[in-house]
Amino acid sequence: KVLMEYLATFSDDSLKDCNILELGSGCGAVGMYVALRGARPVLTDVYRALPLLKRNVTANTLMSSCQICGLPWGTPVERLGQ
């Protein structure tokens, strides 16, 4: 809630086409919020959280606006992007 209130202080123009990386997206509320405002978020979380995250983004018809990636803490750098 606090992060969305902070992001609400930005104009839509300032968020439009911004690349935003959200670490620990959980249910995806913040990422979907910025996507609706024109940003291009990458939503990340541990692998076990991805089904709920994908379901929420799909239910809100935002799959074309959001990228979803598994990213558990401690992932070795050489494994990122695989």
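Residues numbered from 1 in each chain as written. Predicted model: local features only at pLDDT ≥ 70, side-chain atom pairs only at ≥ 80, totals over all residues. Heavy atoms only, no water.

Undergrad: Could you clarify how one ought to interpret the sheet that holds strand 3 (residues 67–70) in this entry?
TA: Adjacent strands of a sheet form backbone hydrogen bonds with each other and so pair up, either parallel or antiparallel. With parallel pairing, three strands are arranged side by side in an open sheet as 1-2-3. A strand with exactly one partner marks an edge of an open sheet, and here the two such strands are strand 1 (19–22) and strand 3. On average, each strand axis in the sheet is inclined to that of its neighbour by 20°, with strand direction left out of account. With four bridges joining them, strand 2 (residues 40–45) and strand 3 adopt parallel strand pairing. (Pairing = 2+ DSSP bridges. Helix = DSSP H or I, 4+ residues; strand = E, 2+ residues; numbered from the N terminus. Axes fitted to C-alpha atoms, helices over the stretch in contact; angles between N-to-C directions.)

Undergrad: Explain the nonpolar core here, please?
TA: Listed in full, the nine residues of the largest apolar core are Met-32, Ala-35, Leu-43, Leu-50, Leu-53, Val-57, Leu-62, Cys-66 and Ile-68. Of all elements in the fold, only helix 3 (29–36) and helix 4 (50–59) reach the threshold of two or more residues within this core. Element by element, the count of residues in this core is highest for helix 4, at three residues. Residues in contact with Val-57, not counting those within four places in the same chain, are Met-32, Leu-43, Leu-62, Met-63, Cys-66 and Ile-68. (Core = buried A, V, L, I, M, F, W, Y, C linked by side-chain atoms within 4.5 Å. Buried < 20%, exposed > 50% of the residue type's maximum accessible area, 1.4 Å probe, protein only. Contact = heavy atoms within 4.5 Å.)

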